[in-house]
Amino acid sequence: MSNIKLVHSGGNSVSLTTPDSNPAANRTFKLPGADGTSGQAMVTDGSGALSFASMPSGGLSMADNWRWTTEFTQSNTTSYLTTTSSWERPDSKLGIGANPLGTGMTQSGGIFSFPSTGYYLIHFMTSSKVDNDSCEIFTFIQATENNSDYSIVARSLDTIQNQCTPNFTSTSIQYLTRVTNISNHKVRFRVQNSGISVTWMGNTDENRIAATFLKVGDI
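First, a word on what this report is: a plain description of the structure on this page. (Residues numbered from 1 in each chain as written. Predicted model: local features only at pLDDT ≥ 70, side-chain atom pairs only at ≥ 80, totals over all residues. Heavy atoms only, no water.)

Overview of the packing of aromatic side chains
Alright, step 1. The full count for this structure, using the stated rule, is 10 aromatic pairs.
Alright, step 2. Between Trp 87 and Phe 112, the ring centres sit 5.1 Å apart and the planes meet at 90°, which makes this aromatic pair edge-to-face. Taken as a pair, Trp 87 in strand E8 (residues 87-88) and Phe 112 in strand E10 (residues 111-113) lie far apart in primary sequence, 25 residues in all. Phe 112 carries the same exposure label as Trp 87, and that label is buried.
Alright, step 3. Plain terms: the ring middles of Phe 114 and Tyr 120 are 4.7 Å apart, the flat faces sit at 50° to each other, and that makes the pair tilted.
Alright, step 4. Classification of Phe 114 by relative accessible area gives buried; the value is 5%. (Phe/Tyr/Trp six-rings, centres within 6.5 Å; stacked < 30°, edge-to-face > 60°. Helix = DSSP H or I, 4+ residues; strand = E, 2+ residues; numbered from the N terminus. Buried < 20%, exposed > 50% of the residue type's maximum accessible area, 1.4 Å probe, protein only.)

This is how it looks when you write it as structure tokens:
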């Protein structure tokens, strides 16, 4: 076995030595050209190149929240919540404003893009009302893998019963998604009713129609 022995001026030494068992082939490890920063560790690219990298700190690396700010009335139609002006991050009371945890989601025309690959938990909630009638309502999370064709990945169905005036209800759905391509993997939200005029209760001061995004793990 070979050793590289580094002797201190005080007489003691530190040695680098070969593995206990014979390697399957000759190995070459390329040291980084510069020191890392405090707290970083040396990692490998799997091909022998070593570098310094920051280690995960634990917990969530990204958390973001958006809400729909405007109230609108919908007849027997499907509405995609796809306008830029009606989405905002909460800025009232202890809202996050422009400060999500980590690099947050980006939104254009109601289509949300992910900041990095990984596993994300998406939660979508709505509030709505109907005057003097009963109605079925539907809420959806839709996703695309090619930045073009959207499919329903989560759905909520509820019935507003005509028991008072107005009649209120809320929905809540969630979806755990695996994002491997941030250019093509995106999500959007949709609401629908069964034929009676429904008011969807977006609000700029409270989360009544809102989406939360949590990055729960790396790939």
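So, next bit.
Here we look at the pairing of strand E12 (residues 135-144)
Alright, step 1. In terms of burial, E12 is a largely internal element, nine of the 10 residues being buried.
Alright, step 2. In this sheet, strand E13 (residues 150-160) lies alongside E12 in antiparallel orientation, the contact comprising 10 bridges. Bridging across to E13, Phe 138 finds its partner in Leu 157.
Alright, step 3. Once E12 ends, the chain turns through five residues before running back antiparallel as E13, passing Asn 147 with a positive phi of about 60°.
Alright, step 4. Pairing geometry for E12 and strand E15 (residues 186-193), over eight bridges, is antiparallel. In the strand pairing of E15, Ile 141 is matched with Phe 189. (Pairing = 2+ DSSP bridges.)

Description of the pairing of strand E11 (residues 118-130)
Alright, step 1. Here 13 bridges tie E11 to strand E14 (residues 167-179), and the two strands are oriented antiparallel to one another. The residue of E14 that forms the bridge with Thr 126 is Thr 171.
Alright, step 2. Pairing of E11 with strand E16 (residues 198-201) involves two bridges; the strand directions are antiparallel. When the sheet's bridge partners are listed, Ser 128 is paired in E16 with Trp 200.

Quick look at the environment of Ile 4
Alright, step 1. Mapped onto the elements of the fold, Ile 4 is located in strand E1 (residues 3-7).
Alright, step 2. In this structure, Ile 4 is in contact with Val 14, Ser 15 and Leu 16, ignoring residues within four places of it in sequence. (Contact = heavy atoms within 4.5 Å.)

Details of the nonpolar core
Alright, step 1. Among the nonpolar cores identified, the biggest contains 28 residues, and Leu 81, Phe 112, Phe 124, Phe 189 and Phe 213 are the most heavily contacted of them.
Alright, step 2. Listing elements by their share of this core, those giving two or more residues are strand E5 (62-68), E11, E12, E13, E14, E15, E16 and strand E17 (210-217).
Alright, step 3. Excluding anything up to four places from it in sequence, Leu 81 contacts Trp 68, Phe 72, Trp 87, Gly 110, Phe 124, Phe 189, Val 191 and Ile 209. (Core = buried A, V, L, I, M, F, W, Y, C linked by side-chain atoms within 4.5 Å.)

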